Amino acid sequence: MLFRSTQCIVAVVILCLNLGALYMAELVRPDLIIEYKTDSAKFFDNYFTFTMGVLIISFVVHFTMQHFRSEKKKVRENEERLKAILNNLSDMAWLKGKNSDFTLVNRPFCEACGLSAGEIIGKKAHEVWPDSMAQQILKDDATILRTGQSLKREQIINHHSKGKIRLEIVKKPLTGLNGEISGIVGTASDITARYEYEDRLKKYERIVATSIDMMALVNREYRYEAANNSYLEAHGLNEEE
């Protein structure tokens, strides 16, 4: 786009310089210019030259503006597609600039903090989340921007409508075409249900493991898959055996 725009500008400049050179030559060295037989012929010749110059310049300017409008429309359409994709994700997703300010957020992110996208864009973490949470976020962002390394952590947040939930947060550096870090892209998955399930499973395992009754799990090939402590002690074996 930049190359085409530059070509158009150069064409306009060259045309203006040529026209200017012709008029300057006529003014400074009138003897080099073909003499007109009548003033009407001179007038019509100048009028024709001026009109053609204006038409050519108008055409070039029109082409340039059309090109800019077309490229701007493509950018806007790409942004709308990106927003549509992000908004249809079940996970929270966001983009941040080099100053750690939000540049794009999806619908689940807005629902989590109880703000609209317009209220979040351009803001920093401490303007969206509680101070205790924002301090850690800003610290993580600074580390990612400085080192270019990704980050993964679990964090409990107070969801605007769901209450306390546990999130698995993944943040990665956003790089441009030249490889320079231009921001941060982040996603957050709600793992509350999974965490609660795993927690219940661990409790059941402790109950079974400490039961005085002998318990063992055998598969369809009659191979042991698990056994509790009482079973192992009764047979004088360890878990690996």
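For the structure, see preceding data.
Read on for an overview of the structure. (Residues numbered from 1 in each chain as written. Predicted model: local features only at pLDDT ≥ 70, side-chain atom pairs only at ≥ 80, totals over all residues. Heavy atoms only, no water.)

With that settled, the discussion passes to the overall build of the protein. Counting secondary structure elements, the protein contains 7 helices and 7 strands. Going from the N terminus to the C terminus, the protein shows its helices and strands as α-α-β-β-α-α-α-β-β-β-α-β-β-α. Taking all 241 residues of the protein together, 24% fall into the buried category. Across the protein, every contact between residues at least 6 apart in sequence was considered, and the portion connecting residues at least 24 apart equals 36%. When the accessible area of the protein is evaluated, it comes to approximately 17700 Å², of which 58% is carbon and sulfur surface. (Helix = DSSP H or I, 4+ residues; strand = E, 2+ residues; numbered from the N terminus. Buried < 20%, exposed > 50% of the residue type's maximum accessible area, 1.4 Å probe, protein only. Contact = heavy atoms within 4.5 Å. Areas by Shrake-Rupley, 256 points an atom, 1.4 Å probe, with all protein chains shown as cover.)

Taken as a whole and assessed by the stated rule, the structure comprises 1 cavity of 30 Å³ or more. What lines the largest cavity is a set of 13 residues, among which W94, W129, M133, I137 and I169 lie closest to the centre. Looking at the lining of the largest cavity, the elements with two or more residues in it are β1 (92-96), α5 (131-147), β3 (151-159) and β4 (163-175). Looking at the lining of the largest cavity residue by residue, the class counts come to 10 nonpolar, 1 polar and 2 charged. (1 Å grid on protein atoms, 1.4 Å probe; cavity = no way out; pocket = protein on both sides within 12 Å on 5 of 7 lines; lining within 4 Å. Points joined across faces, edges and corners; volume = space filled by probe spheres on them. Nonpolar A, V, L, I, M, F, W, Y, C, P; charged D, E, K, R; others polar.)

Read across the sheet, 5 strands follow the order β2-β1-β5-β4-β3 without closing on themselves; strand pairing throughout is antiparallel. Of all strands in the sheet, those bounded by a partner on one side alone are β2 (102-105) and β3. Across the sheet, the mean angle from the axis of one strand to that of its neighbour is 25°, orientation sign disregarded. In terms of strand pairing, β4 meets strand β5 (residues 181-190) through 9 bridges, oriented antiparallel. Its bridge partner being in β5, V170 is matched across the sheet by T187. (Pairing = 2+ DSSP bridges. Axes fitted to C-alpha atoms, helices over the stretch in contact; angles between N-to-C directions.)

Moving on, we come to the nonpolar core. Membership of the largest hydrophobic core comes to 20 residues, with the highest contact counts inside it found for M92, W94, F102, F109, I120 and W129. In terms of residues, this core owes the most to one element, helix α3 (residues 107-113), which gives 4 residues. The contacts of I120, once residues within four sequence positions are left out, are F102, V105, F109, C110, C113, L115 and V128. (Core = buried A, V, L, I, M, F, W, Y, C linked by side-chain atoms within 4.5 Å.)

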